[in-house]
Amino acid sequence: MLLLRKLMIAALILTLGSTDVSAQLLNANIRKSDVDEIYEEAVRQTERKNYTKAIELARKAVDRYPNNVDYNLLLGRLYVLTRQYKSARPYVIKVMDRAPKYRDAYFYAINMELGDGNVNQALGYANRALMRFPNDLEFSIKKLSILDANKQFTAGNTIADDIIQRYPDQPEAQRAYAGHHEEAGKYYRDKGLLTQARYHFEAALKVAPDNRDAVDYLSGLSLKTGDHQSALAQVNLALASDPTSYTLLMRKLSLLQEMHRYADATEVMKTLRKHYPNDAKVRQLDMDLKMDASRYYEHTDPYVLYQSVLETSPGNREALNKLIAISMDRGVYRNALDWINRGLKSTPDDVTLLAKKADVLEILGNKTEAANIVNELWRRNPESDAMRGRASEMKVASGKYYLNEKQYDKALQEFEGALNIDPSNADAVNYIANLYIEQKDYENALRALNMALQYREDDETLLLKKASVLADAGRYNEAFPVISTLIAQHPDNPRYGAILTEQQMQAGRLLMNGDEMERAIKQFKQALQQSPQNRDALAYVVNLESGMGRSDSALRYANIALQYYPDDKDFLLKKASVLSEQKQYRQAYAIADKLMQQYPYNKTYRAAYMDNLVASGLAYQKQEVWDEALAEFKRVLAISPYDSTALYASINLYNAQKEYDSALAMTDKGLRYYPANAGFIRQRALTLENKRMYTQAAEEADKLVAMQPSQKNIDYANYLKSKMYRNQFGLYYQQSTYNTAMQPYRIATVEYRRFFKDGSFAGRVNVGGRHERAGLQFEGDLYYNHTKTLYSYAVAAYSQDLNVFPELRLGYSLFKGWKHDWETELGVRYVKVQSVIDSVVTLPGGDEDLYKITQRASMVSGVASIAKGMGDFWINLRGFLIFDNPERYMSINDPDGNVGQRQTTDKSRRYHAFQLTTRYYMNDRQEYMYVVGGIGTSPDDRSRVILMPQLAGDWLTRYVTVGYQKTVHYRTTFGAAVGWSNNRIGIDRYLNQYDLYLSLTRKF
């Protein structure tokens, strides 16, 4: 399919033209394959030099896939081609960072910096390229050309030597080597440094003997200095590769004539006549040569005359000197050396002859022996500064020879010898330092540099080299002051500031890699003091400050960066990230929105915008600012309708605002996108539960169990099913036993409860037995929910069996829920009780008789409570204020068998009762243990309320109950408890009561 699409696009290009196709590609619904076509079209537009259209297409590709190195490199290349170097920089650098082995990126980086006038930066990229591609000839040549353009010929010598040594047979290497030395020779010639100029021209001709320009330069230089022999040697060297060159032959002829070497000149003339027989100038010169030779040879050759003198008088020093001089003038250096050695046989310590021998040996290339001779001459005359300098230079020349031969130990020995002679010799120091640096022996390199700096403390080259060595050694704290010295000495030279900044940056990176973040931040901030606009330093500071949790500082530096780079995407995104860390989500997503509008296909900007919208919504949701939260999530869904987080949050918010229909619509939307998503199914069940549509909610819960049969989901399904039951049957049993002869008191209860929308009501029949009596009590209660946090409880009970149950019991309480799981209660109770006590009384005269005491009481109580939930615990403190009006009747049998009755009315009383209940919930609140303790007898106590007339009074009763209750599947509930109470029933009379409680309820 991809091939077919490419063929179709190619057909469109042929039919409609490249401009129309480009427009169509730009406006298309972009996919990866489409972006590839955009990139290919951009390449074609580049080849046609339609750079404006190519840039437009390349930017489109980069915006869609910002990390694609090919797209980024093409855009960077286009900006370089259109001289928009600052625009090119971020794309080319990104490629080098993400794909360090992408070779072309380094060429564009070098050209970009050269085009922008940043020679040092270009050199830095060349070094970086050579670190990555150490055997790449093109990068070596590129670095050499940068050094030559910057007139750094000394540094270039090392690179040129390395190139020719490593690639001696490659034409590119030969041309680069010759070009470097030719350029250096012209520079030194123009500066009047003829010796150095000669050296470079000769070096150029060693590898390019047919280099006409070098030959001309060197010949002119030799003539300028009167050194005809050297000029002739250069011409001969050039003729070796082009022996019939008209220009070279004519130049050689002219030189030989000037040197009066007519025999040799005649041979050259023969060659000219042979190859250029019809040339009029050649015929005229032939005549002139013969005339000139005839006039010259009218006398005897002086060389022969002096040689004959020396043969006659071997000790004639003047003749020896003339022969040496004539031999050197004619370029016959071997003959000159022979004459010098002949003279030294008789006078081995002759200073003049030794100096000449050193010169000849140097010319012949035997620099080591020449250096030894000059060194010996200096030792004889150590006061001569000229000889000292000459000896040191010769040692350097000797060291260079060994260096070229890769005999590094001998080279080092020679350079150190030069430094011992003249510690200020900068060339020797540089060579020594370079050798040690190559071996990573930074201490010895610094030793040599420090020695030279003792004599030339302000030397720029030495100081710069020292700073470089210290930086290479990782001793940045020592390197910084050196560069700072150069900055102070040369404030107008931006190069040193750039070096200091780069060293500080490198130090910061190393510290960062070593997890020393605080020290790294300090280095980057110091770099910003020197270079406030340094993009990398700003980026590092923002990232590190953010990573260390110092968002305020990170934001400040992000704003500083945006002052210099107001439209920089990375800094804008980083600022948005920092604002997000500070929970300033709206400001963060405003920035991300701006970026997203500019680059609509960039996933990073889109994600930043969406994430901050979601975070803002969640923050508003946490603050219970529902409208703002919902508005944020609607913005998310407007861009990404299938965003699950926004869908979840919107459902929760609609539920919180009781907009259940909207919540259901949102869950349906979520399930359209994620039909098998358990979370949305759960949300749907919860929403239906909120609407009290328990049947439908239970169906959703069953789906959830089928997908994820976890205990939590099963419990929730059971809970919803329990909400469908409207009826409940209950059995309760309570038994109280005593530590006296009293018979146990038992109460059995049968209950039916009916649930309705806003609460429940129940009817109960209580069957009780006390002493030998038994009775029935009919009871009903009602729970009614007024609002979500307000509900009522009412109870009423009636019995005719007054010695077993209270005659009447009424109660009402109003409960209010508050924030943080607080609840309060206010209520009232009414109890009407009666009890009969049999007793024996002693009558007047000493007889005993049976009497009955009947006690009645009507009690009205106020009740208040406060409860608090604390995680799995629930605590309730309840208090009663009780008022009663007791009446007592006494019936007595008289001696005649008649029954008498007397009424006494006790004084009304007021007393209190308090009760503390603590529950501990377990198993998702489906079971709990509880402890109840209290003092006094409350009107809610079913086992002791019948004894109220006797037990009435503050603190007469103390009791504690421990129980456990468990609910199975939200339907069946079991309960059990045991209790103990201590009741005062008279003066110094106490009754211990032991209670057992059992319960079972079942919904249906």
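Each value, and the rule that gives it
Residues numbered from 1 in each chain as written. Predicted model: local features only at pLDDT ≥ 70, side-chain atom pairs only at ≥ 80, totals over all residues. Heavy atoms only, no water. Helix = DSSP H or I, 4+ residues; strand = E, 2+ residues; numbered from the N terminus. Buried < 20%, exposed > 50% of the residue type's maximum accessible area, 1.4 Å probe, protein only. Contact = heavy atoms within 4.5 Å. Areas by Shrake-Rupley, 256 points an atom, 1.4 Å probe, with all protein chains shown as cover. Axes fitted to C-alpha atoms, helices over the stretch in contact; angles between N-to-C directions. Parallel < 35°, antiparallel > 145°, perpendicular 65-115°, else oblique. Left-handed = near helix turned anticlockwise from the far one by under 90°. Patch = residues over 30% accessible without salt bridge, like charges linked within 9 Å, V, L, I, M, F, W, Y side chains within 5 Å. Salt bridge = Lys/Arg side-chain N within 4 Å of Asp/Glu carboxyl O. Expected span 1.5 Å × (residues − 1). Arc of directions from axis to C-beta. pLDDT = per-residue confidence, 0-100. Phe/Tyr/Trp six-rings, centres within 6.5 Å; stacked < 30°, edge-to-face > 60°. Lys NZ or Arg CZ within 6 Å of the ring centre and 35° of its normal. Core = buried A, V, L, I, M, F, W, Y, C linked by side-chain atoms within 4.5 Å. Pairing = 2+ DSSP bridges.

## Some words on the overall build of the protein chain
Of the regular secondary structure elements, the protein chain holds 42 helices and 16 strands. Counting across all 1004 residues of the protein chain, residues that qualify as buried make up 43%. Taking the intrachain contacts of the protein chain between residues at least 6 apart in sequence as the baseline, contacts between residues at least 24 apart amount to 50%. Of the roughly 51300 Å² that the protein chain leaves accessible, carbon and sulfur atoms contribute 52%.

## Thoughts on the environment of Y830
Among the secondary structure elements, Y830 is positioned in strand β7 (residues 822-842). Here the alpha-carbon distance between Y830 and G862, two residues 32 residues apart in the chain, equals 9.1 Å. Sequence-distant contacts of Y830, defined by excluding residues within four places in its chain, comprise L808, R809, L810, S858, M859 and V860.

## Some details on the packing of helix α31 (residues 535-547) against helix α32 (residues 551-564)
Contact geometry for α31 and α32: axes closest at 8 Å, N-to-C directions at 160°. On the basis of their axis angle, the class for α31 and α32 is roughly antiparallel. Considering how the two elements wind past one another, α31 and α32 form a crossing that is left-handed. Contact residues: L538, V541, V542, E545 and S546 in α31; S551, S553, A554, Y557, A558, I560, A561 and Y564 in α32.

## Considerations on a nonpolar patch on the surface
A contiguous nonpolar patch, built from V931, V960, V962, V978, W980, Y994, L996 and L998 and spanning about 640 Å² of accessible area, is present on the exposed surface. Only β14 (957-968), β15 (972-986) and β16 (989-1003) provide two or more residues apiece to the nonpolar patch. By the secondary structure assignment, L996 is in strand β16. Taking relative accessible area as the criterion, L996 reaches 32% and is therefore assigned partly exposed.

## Things to note about helix α20 (residues 333-346)
For α20, built from 14 residues, the straight-helix expectation of 20 Å at 1.5 Å per residue is met to within 8% by its first-to-last C-alpha distance of 21 Å. Buried residues of α20: Y333, A336, L337, W339, I340, G343 and L344, and no others. Looking straight down α20, one finds that the buried residues subtend no more than 160° of arc, so they occupy a single side. When the buried face of α20 is taken as reference, the exposed residues oriented beyond 90 degrees from it are R334, K345 and S346.

## So, the confidence of the model for the protein chain
Looking at the protein chain as a whole, its pLDDT mean stands at 80, while 82% of the residues score no less than 70. Between the elements of the protein chain, mean pLDDT differs from a low of 37, seen in helix α1 (residues 2-16), to a high of 97, seen in strand β5 (residues 790-798). Note on residues 1-29: pLDDT is under 50 here. Beyond four places in sequence and across chains, it has 30 contacts.

## Observations regarding the packing of aromatic side chains
Each aromatic ring pair is specified by the distance between its two centres and by the angle formed by the two planes. Per the counting criterion, the structure on display carries 24 aromatic pairs. Ring geometry for Y642 versus Y673: centroids 6.2 Å apart, planes at 70°, classification edge-to-face. One end of the pair, Y642, is in the loop between α36 (626-639) and α37 (644-656); the other, Y673, is in helix α38 (residues 660-673), with 31 residues separating them in the sequence. We classify Y642 as partly exposed; its relative accessible area is 44%. Ring plane angle 45° and centroid distance 4.9 Å describe the contact between F873 and Y920, whose orientation is recorded as tilted. Taken together, the positions of F873 in strand β9 (residues 873-884) and Y920 in strand β12 (residues 909-922) put the pair 47 residues apart, joining distant regions of the chain. Ring-pair connections join several aromatic residues into one group, and the members of that group are Y106, F107, F133 and F139. Sitting over the face of the ring of W818, K816 holds its NZ or CZ atom 5.2 Å from the ring centroid.

## Thoughts on helix α4 (residues 51-64)
In this model, α4 (14 residues) spans 20 Å end to end at C-alpha, consistent with the 20 Å of a helix rising 1.5 Å per residue. For α4, a buried count of 10 out of 14 residues is recorded, marking the element as mostly surrounded by other parts of the structure. Within α4 the residues assigned to the buried category are K53, A54, I55, L57, A58, K60, A61, V62, D63 and R64.

## Considering the environment of A61
Take A61: it is sitting in helix α4. Since its relative accessible area comes to 1%, A61 is described here as buried. Beyond its immediate sequence surroundings of up to four residues, A61 is in contact with V35, I38 and Y71.

## Details of the nonpolar core
Of all hydrophobic cores here, the largest spans 56 residues; its most connected members are F524 and Y609. Examining the composition of this core, we find that seven residues originate from one element, helix α35 (residues 603-622), more than from any other. Leaving out residues up to four positions away in the same chain, Y609 has contacts with Y589, A592, D593, M596 and I639. Within the second largest apolar cluster, 50 residues are counted, among which are A122, F133, I164 and A203.

## Some details on the environment of L991
Positionally, L991 belongs in strand β16. Take L991: its relative accessible area is 2%, and that puts it in the buried class. It is 6.7 Å that separates the C-alpha atoms of L991 and N739, two residues lying 252 residues apart in sequence.

## Focus on the pairing of strand β4 (residues 773-785)
Here strand β3 (residues 759-770) runs beside β4; their pairing, made up of 12 bridges, is antiparallel. Bridge pairing in β4 links G759 to Y784. Pairing between β4 and β5: eight bridges, direction antiparallel. When the sheet's bridge partners are listed, E779 is paired in β5 with A797. Hairpin connection of β4 to β5: four residues between the antiparallel strands.

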